[in-house]
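Close look at the chain arrangement
So you can see what is in the structure, the chains are spelled out below.
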Amino acid sequence: MTVTPLRRALAVLTVVFLAVAATPVAAAAEPDPKALTWTVQPATASGPDQRRWITASLDPGQAVTEHLAVRNFSRTAVTFALKAADGYLTDKGRFNMLSSDRPSVDGGTWIDVQDKVTVGPNETRVVPFTITVPRSAPPGDHPAGIAATVSSAGGTVTVESRVGFRVMLRVNGSARAALAVRGLDATYSPSWNPFAGGTVRVRYTVENDGNVWVSGTSRVAMSNLLGRSSHDATSAVEELLPGGSRTVRTRADGLWALGRLRTTVTTSPTLLGDGQAGADLRPASATVTTWVVPWAQLALLALLAGLLLGLRAAARHRRRRLAGLLARARQEGRQEAQESVLVGGAATAGEPDPGDAHR
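Residues numbered from 1 in each chain as written. Predicted model: local features only at pLDDT ≥ 70, side-chain atom pairs only at ≥ 80, totals over all residues. Heavy atoms only, no water.

1. Describing the pattern of salt bridges
When the charged atoms of two side chains lie near each other, side chains of opposite charge can form a pair. This structure, assessed with the given rule, holds nine salt bridges. Its salt-bridge partner being R182, residue D209 comes within 3.7 Å of it at the nearest N-O pair. In this pair, D209 is assigned in the loop between strand 13 (198-208) and strand 14 (214-223) and R182 in strand 12 (residues 176-189), connecting sequence segments 27 residues apart. The class of D209 is partly exposed, set by a relative accessible area of 38%. Between R251 and D253 there is a salt bridge, with the nearest N and O atoms lying 2.9 Å from each other. When its relative accessible area of 45% is taken as the criterion, R251 is described as partly exposed. (Salt bridge = Lys/Arg side-chain N within 4 Å of Asp/Glu carboxyl O. Helix = DSSP H or I, 4+ residues; strand = E, 2+ residues; numbered from the N terminus. Buried < 20%, exposed > 50% of the residue type's maximum accessible area, 1.4 Å probe, protein only.)

2. Details of a positive patch on the surface
Taken together, the side chains of R312, R316, R318, R319 and R320 present a region of like positive charge at the surface. Examined against the element boundaries, R319 turns out to sit in helix 2 (residues 295-350). (Patch = residues over 30% accessible without salt bridge, like charges linked within 9 Å, V, L, I, M, F, W, Y side chains within 5 Å. Areas by Shrake-Rupley, 256 points an atom, 1.4 Å probe, with all protein chains shown as cover. Lys, Arg positive; Asp, Glu negative; His and termini not counted. Charge placed at Lys NZ, Arg CZ, Asp CG, Glu CD.)

3. Topic: the nonpolar core
In terms of nonpolar packing, the biggest core is built from 29 residues, with L68, V70, F80, F129, I146 and V167 touching the most fellow members. Of all hydrophobic cores here, the second largest spans 26 residues; its members include A186, Y188, V200 and V206. (Core = buried A, V, L, I, M, F, W, Y, C linked by side-chain atoms within 4.5 Å.)

4. Brief notes about the sheet that holds strand 13
The pairing of strands in a sheet happens through backbone hydrogen bonds and is either parallel or antiparallel. Across the sheet, which stays open at both edges, the four strands sit in the order 16-13-12-18 with mixed pairing between neighbours. For this open sheet the edge positions go to strand 16 (245-255) and strand 18 (280-282), each flanked by a neighbour on one side alone. If you compare each strand with its neighbour and ignore which way they point, the axes differ by 15° on average. (Pairing = 2+ DSSP bridges. Axes fitted to C-alpha atoms, helices over the stretch in contact; angles between N-to-C directions.)

So this is what it looks like as structure tokens:
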């Protein structure tokens, strides 16, 4: 059978039509979050601004309108879900917000934002949202976060990918900043080198016992039995939200100590965010006592004491032996002298008298 040019052209047009018809179906499929790139940032009504996050100091019952901007860097239009939730700091000090399966009970419930927004390829959409503080809200900080999310199904598990920023909400009133010291522990490890000091390892937990967002410093000081300071160091305390805590570990090497060693940790909070005037900054401290026994140094002292006693005993023994030898030499000298006298006297008594022979 011969294929005419007309039939060949119709076949090509049919293939092209099917390919074009299939394209909208592929675009309408659920997007893969791994192939998407987007950002979410604070904004004004006209577009993104330079803020990294939003901070707001509000009175109980007050409401304010803010904006966020969602920018889609992908090649296809994407519908993002917009969600707000309570904020917290991870163990590594990074800000995060509660996942969708964990209900919010604080600042995250004060944010009202539309559920979804569709953003075209390389397009930016500005979305308003409202923050309303309950009239019964207690003074202090109530951190939250707001994000644009995309969900994808992987078998029986739904994976939620999200990008967002923090919203630091402060309710005006009595601000109290305090960094409590919990679980202070200090252990001394002696060095087996008798000419080197030991190591003190200190572990404690710094807890934000106030109602505001703080950072600060912690000072670790150690004093010996006589009250003299043997170690004094200050380190920074990273940001902590109200109720948050962080475990701190530090060490002091080459420490010479004997008997009681007192370790004191003192914290000084620094208020973060807006509305710092009139804040109550409360330093805190805790002390623990460790009893130190430097076994290596004591063993060296015992060895030196034993060596000195041995040398002293050896010197005493030599002196006694020398004295004995001298006494024996004197005794032998006296005996020899006495024997010489006796021998000399006997010889004199046995010789004839020349006078008698003449007579």
